[in-house]
Structure formats: structure tokens, C-alpha cells
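A structural walkthrough
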Amino acid sequence: MGFVLTSCFGVCRHKSIAVFIVYATLMIDNMLLTSVVPILPEYFIQEEEQLRIDQTPPTITRTSTIISNVSLPEALNATIAGLVALSSDCTDQTDKEILAAKNIFLAFLLASKPFVQLLANIFVGPLTDRIGYDVPMLFGYIVIVASSLIFAFGKNYGTLFLARSLQGIGSACAATAGMALLASQYQDDDERGRKLGIALGGLAMGVLVGPSFASLTYQLTGGKEMPFIILACGAGCVAIIQVLSRLYSSKEVMFEVKSSTSIWTLLKDPYVLLAASTLMLGNMSIGVLETSLPTWLISTLCAAEWMLGVAMLPPAVSYLIATAIFARVGTSGYRWLICFVSFFVTAVGSILLPFCTTFLQIIGPGLLIGGATGMVDSSIFPILGHLADTRHSSVYGRIYAIGDASFCMAFIVGPLLAGTIVHEVGFKWVMISVSIISIAFSPLVLLLRNPSPASIEEERQILNDTTENSDDTIETTSLSLGRVLERQGSYEKLQ
């Protein structure tokens, strides 16, 4: 027993445990994020049908097209039909009207989480720099557990909207503090890129497992409660591991107070804005698919419930592979090139997807879109840390709050774009628009090839800014500020 405890303490003291914690955090968060995608369209249809049945006299009946309400042979036949051929009439007119009416509500529901997360990051980033990583991360886990349980037992749209919004607060705390923790523990740029790439694999795993896990559990249990109860338990387990790891961590990895650059100064930096915009547009295609792909599959391919989750597997698998590969091979000198190529890969996948006529054909475009998104994420997050080191201060809460906010913007713009205009112009033109935007933006990524160091005036502003943002005595000066002063010769030259 003593050997086991000693081994556990040794693991907790090793800073690699932080990589696992951030990996698990992103996985649970994104499983919760994506679990609602295959469930809600079917849930809305069933709720509307139940309401219509309650309001309809018993003499009037209609045949439902929901797979879960038919016999097993009929379900298998419908599934096979969806896999091998396009059927423009696979969903009856009533269900198509329900999907069209509910699509905008689904879009607002999906976009509420990243919107709240974006707003919360304005406060979480500075708070993390001031008090450390432990409290924001633990608070984030508690909120995620609460959000999961509300989603499990919520019965109306308002309750589901509240649960989704609460998740945004929890995600902002846990994800931003977790990424900043990793960046602070791994100061070497290449090593930091590798560790961030591993952690981002948790995001991919959550996207990979979430829809399939939710759709299968939903179909097997006959209700939406069980998937979210399991996720709540998972978030609680991660919280316990995080608390234990910090209780037994060595002093070398504990939070250290440092001077930092304000979030507004970071937002004035053109390179930070460009990197944040790259991250947003690089993820926007996934945000569009999150809302529009399930309804498109239901209305065109007789998609069973499990198909709605499986449809997101190809992008998630390729995202996981891309983050694992490019985090290792994408050293600081080639990250801009990886991002540049990724936008053309996204354009190709987005153009091909709406022309697919069978369920199996969507695998290829999905692999391209997911792989391109993984290329962007595995490159931009290390670039943000590098920009903080070379142009500002080596304190990462605010810089990764901006990165997380940009990531959220993709899942605000994407669902709202798809939810509001896909009914007017069609799924095909929405995806073509994504392709055009990707190609048009790609030349700007070339500016990230060799970001220029901060000028003398900018360095003065950095020093003044960090001084103004320190209410208490600064215990240690950040590394990049030391480099700023070395370049100018001495402290006196800044006076």
C-alpha cells in the first residue's frame, strides 16, 4: 500500500500530469459540447410529434419516420437505404418543416456556449494570471458537472439553453487556465508545441467520441439523461485528479506571481490579432457542420440516430491524427506554412461535401476538413505562446484567453451562419461560402512567417503596462521583459 501511495505521489509531482489533466479536461468538455449534436434534432422532432399527438383527435393518425419508432427490420432497411443511395423523400414534409423551424433554435442553442465562454474569457485570463491556475480550473469542473446534470434532466428549451450557457463559463475557466498552466511549465518553444499538441488531442478525442457516444447511449437507453450523467461523473473524476496533483506537486511547478501584459494591449498587437483570426476561421467549417450536417443528413439521407453521430467521426479522426503529427513536425519555423496549406485543404473538403450523394461519400470531405482544422490548432496555440514570449511577457493566461475566445468565435459564427441562411440558400452554398472565405484569408497567414520583435516604443509600452497592472509587489520579472531590457542596455534607458 505504501508503495502504491509513493508511486501516486511521484506521478503527481511530475509536471507531465498537467498534460494529462488538460487532455482529460478538453476531452470531457468537448464530449459534452458535441453530445447534443446528434440528440437534439431527433429530440425536437419527438417533442413536436408528441405535442401534435396530444393535440390531435384519436381518429387522425400519421406514420412517423423516426427510426426508433419502427420495427427492427424496417430500421435496418432504412439504414441500408441511407448508406447506399440518396432519397430526396426520406423525410416526410411534416418532419422537414419541423427541422426547418427548429434549425434556428438549434443554432442559437449551440452558439450560446461559445458566446458565454468568449465573454467569460475576458475575466478568466486576467484572473488566472493573478491568482494562479488551480482555483479557476476547479471552479470550471464544478460548473461543467452542474451543466451536465441540468442538460440531463432539463425538459424545455429554456433549461437546455441555460445548461449550454453554463458550460461556457466552466469551459472558459478550465480550458484557459489549463492551457496557460502547460505554457508556463514548458518554456522551450518546441517542447511547448509538442505538449500543447498532445493536450489538443483531448479536444479531438472529445469531438471523436462525443457524438457516437451520445447517439448510441441515447438510442440504447431511450432517453437523453444517461449520456450527460456519465459526462458529469467524468468531469468530477478529473476535478479530483487535479486537486490531488496540485496538493502533492513540488514547489517548482507551483504558480509564481509575474508581471503581465493587459489583454487590451495584446489585442492591439497585429500579430496576436492575426493569429486569433486564423484560429477562428480555421475552425469555422467545423462550427458550420455542427449545426447543419445533422439536419442535412436527416432531410436527405434517411439518417438513423447513430448516423448523426458517426457522421462527425471522419473529421474527428483526422483532427486527432493531424494534431499528433503536426505538433511534432511543425517546429516554429514551419507553423505558418502548415496554417497556410490548411486553408486550401479546408476549401477542397467544404466544396466536395455538399455534392455527396451517399452516406459513405461524406467520409473523404470530412477527413479533409478535420485534418485541416487540426493543422491550424496545433500550430496557432504554440504561435500564441511564442508571441507572448517575444513581443510581450511570459505570462500566458491572457494570451490563451484570447486564443480560447477566438476558438469560441468559430463556434458562434459557424452555427449562426448555418442556422440562419442554410434554409434560404441551401447547405451547398453555405459550404461553398466557407471555401471562398478560406481561400481569401489564406494569404494573410504568410505574415506569421517571421513576426518582428517588439519595437523600442512597444517595449516601453509593455513595461509601463505591466507596471500599471501590478497592484502588489512583483516577486519576479518575466523572462521576456528581461530580454526587453537587455536589448535597450539598461533600465535607465527606459526612464
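Position numbers for residues start from 1 in each chain and track the written sequence from start to end. Two thresholds apply to this predicted model, a pLDDT of at least 70 for residue-level local features and 80 or more for giving and counting side-chain atom pairs, whereas whole-chain, interface and lining totals are computed over all residues. Heavy atoms throughout the structure, all of them, feed into the side-chain values; hydrogens and water do not.

**Some details on the confidence of the model for the protein**
For every residue, the pLDDT score states the predictor's confidence, bounded by 0 at the bottom and 100 at the top. The predicted model of the protein has a mean per-residue pLDDT of 75, with 71% of residues at 70 or higher. Only DSSP runs of H or I with at least four residues qualify as helices, and only runs of E with at least two residues qualify as strands; both kinds are numbered from the N terminus onward. Mean pLDDT per element in the protein: helix α18 (residues 479-488) is the minimum at 39, and helix α13 (residues 335-352) is the maximum at 93. When checking whether two residues touch, look at their non-hydrogen atoms; a contact exists if any pair is within 4.5 Å. Within the model, pLDDT remains below 50 along residues 250-255, and this stretch shows 14 contacts once partners closer than five positions in the same chain are excluded. The low-confidence segment residues 470-495 (pLDDT under 50) makes 42 contacts with residues lying over four places distant or belonging to another chain.

**Details of the pattern of salt bridges**
Here, a salt bridge means any side-chain nitrogen of Lys or Arg that lies within 4 Å of a carboxyl oxygen of Asp or Glu. Inspection of the entire model under this criterion finds four salt bridges. One salt bridge in this structure joins Asp-129 and Arg-398, with 2.7 Å as the shortest N-O distance. Of the two residues, Asp-129 sits in helix α4 (residues 93-131) while Arg-398 sits in helix α15 (residues 397-425), which places them 269 residues apart along the sequence. Across the pair, exposure class does not vary: Asp-129 and Arg-398 are buried alike. Partly exposed residues are those whose accessible area sits between 20% and 50% of the maximum for their type, while under 20% is buried and over 50% is exposed, using a 1.4 Å probe and protein chains only.

**Concerning helix α10 (residues 270-301)**
Given a helix with a known number of residues, its expected span is that number minus one, times 1.5 Å. An ideal rise of 1.5 Å per residue puts 46 Å on 32 residues; α10 measures up with 45 Å between its terminal C-alpha atoms. Two axes enter the bend calculation: one fitted to the seven residues ending at the residue in question, the other to the seven starting there, and the bend is the angle between them. When the local axis directions of α10 are compared, the greatest deviation, roughly 40°, occurs at Ser-292, which is followed within four positions by the proline Pro-294. Across the 32 residues that make up α10, a large majority, 28, are buried. At the N-terminal end of α10, a side-chain oxygen is found 2.9 Å from the backbone nitrogen of Tyr-271, two or three residues along, and the residue is Asp-269. Think of a polar contact as two N or O atoms within 3.5 Å of one another; within protein, one of them needs to be a possible hydrogen donor and the other a possible acceptor, and neighboring residues in sequence only count if both atoms come from side chains.

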